[in-house]
Amino acid sequence: MESQYLKQCLGNCLKKGLAEVVEHRPADPIEYLAHWIYKYRRNLDEEQKRIQERAELEQERVAARAELERLKIEEEQRKLEEQRQAQLEKERAELEAQKKEAQMQLQQEEEEENEQTIAEVTDRPEEPDESEPGQTDLPTVIEEEEEEEEEEEEEEN
């Protein structure tokens, strides 16, 4: 069981370290191996840091891409909204122009009708209105005299 622990925790490190000692054959192999193990440990720590930094950079890159996509979508939506607003303004202006044109046309038609009515009234001869007494309904002096004469004749008869 202890050999399993040593093999699992120190196996790779000791194999590489001892291979270095055999290759270089230093005067003090223990001190050389100790320094090599420290260096090995620093290299492992730095490698772990690099791996962690790469992972963090990748996460930041993914987040930045997502943010960029979100900004692009927002920009597209903003542009679409601006286009919609411009289209609505254009339609509103067209409707206002149509409304003004219709009002002007209606006003012109009313003016034409009024002119036609005025023309009809001024062109035809005036006929006395039967419901209102006019100047022709009033008895003239001659008519009054004739009526008086008729009354006198009736009284005489």
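Position numbers for residues count from 1 along each chain, tracking the sequence in the order it is written. Local features are withheld for residues below a pLDDT of 70 in this predicted model, meaning they are given only at 70 or higher, and side-chain atom pairs are given and counted only at 80 or more; totals for whole chains, interfaces and linings count all residues. Side-chain measures were taken over the full set of non-hydrogen atoms in the model, leaving aside hydrogen atoms and water.

A look at the overall build of the protein
In step 1: The secondary structure listing takes helices from DSSP runs of H or I that are at least 4 residues long and strands from runs of E that are at least 2 residues long, numbered from the N terminus. The secondary structure content of the protein amounts to 3 helices and 0 strands.
In step 2: Across the protein, helices and strands are ordered from the amino to the carboxyl terminus as α-α-α.
In step 3: Sorting the 157 residues of the protein into buried and exposed places 4% on the buried side.
In step 4: Taken as a whole, the protein presents about 15200 Å² of accessible surface, with 50% of it coming from carbon and sulfur. Each residue's exposure class comes from its accessible area (1.4 Å probe, protein chains only) as a fraction of the maximum for that residue type: buried when under 20%, exposed when over 50%, partly exposed otherwise. The Shrake-Rupley method, run with a 1.4 Å probe, gives the accessible areas here. Residue values count only the displayed protein chains as cover.

Brief notes about the packing of aromatic side chains
In step 1: Each pair of aromatic rings taken from Phe, Tyr and Trp, with Trp reduced to its six-membered ring, is defined by centres within 6.5 Å and is described as stacked if the planes are under 30 degrees apart, edge-to-face if over 60, and tilted in the remaining cases. Applying the stated criterion across every chain, the model contains 1 aromatic pair.
In step 2: Considering the side-chain rings of Trp 36 and Tyr 40, the 5.2 Å spacing of their centres and the 20 degrees angle between planes classify their relative orientation as stacked. Separated by 4 residues within a single helix, Trp 36 and Tyr 40 lie in helix H2 (residues 29-123), roughly one turn from each other.
In step 3: Owing to a relative accessible area of 17%, Tyr 40 belongs among the buried residues under this scheme.

Considering helix H1 (residues 2-24)
Each turn of an α-helix holds 3.6 residues, which means side chains three or four residues apart point in the same direction.
In step 1: Each residue is assigned a bend, namely the angle between axes fitted to the seven residues that terminate at it and the seven residues that start at it. The principal kink in H1, of about 65 degrees, is found at Leu 10.
In step 2: Looking at H1, one finds that the buried residues are Gly 11, Cys 13, Gly 17 and Val 21.
In step 3: Trailing H1 by a residue or two, Arg 25 shows a phi angle of about 45 degrees, which is positive.

So, a nonpolar patch on the surface
In step 1: A contiguous nonpolar patch, built from Tyr 5, Leu 6, Leu 10, Leu 14 and Leu 18 and spanning about 460 Å² of accessible area, is present on the exposed surface.
In step 2: Within the secondary structure, Leu 10 sits in helix H1.
In step 3: On the basis of relative accessible area, Leu 10 is assigned to the partly exposed category, the value being 36%. Patch rule: a residue counts if its relative accessible area is over 30% and it has no salt bridge; like charges are joined within 9 Å, and nonpolar side chains (Val, Leu, Ile, Met, Phe, Trp, Tyr) within 5 Å. Any Lys or Arg side-chain nitrogen found within 4 Å of a carboxyl oxygen on Asp or Glu counts as a salt bridge.

A short note on unusual backbone geometry
Among all residues save glycine, negative phi is the norm, and among peptide bonds the norm is trans.
In step 1: A positive phi is found at Arg 25, a non-glycine position, where the angle reads about 45 degrees.
In step 2: Its place among the elements puts Arg 25 in the loop between H1 and H2.
In step 3: Note on Arg 25: relative accessible area 68%, which makes it exposed.

Without other data, these values stay purely geometric and don't point to any function.
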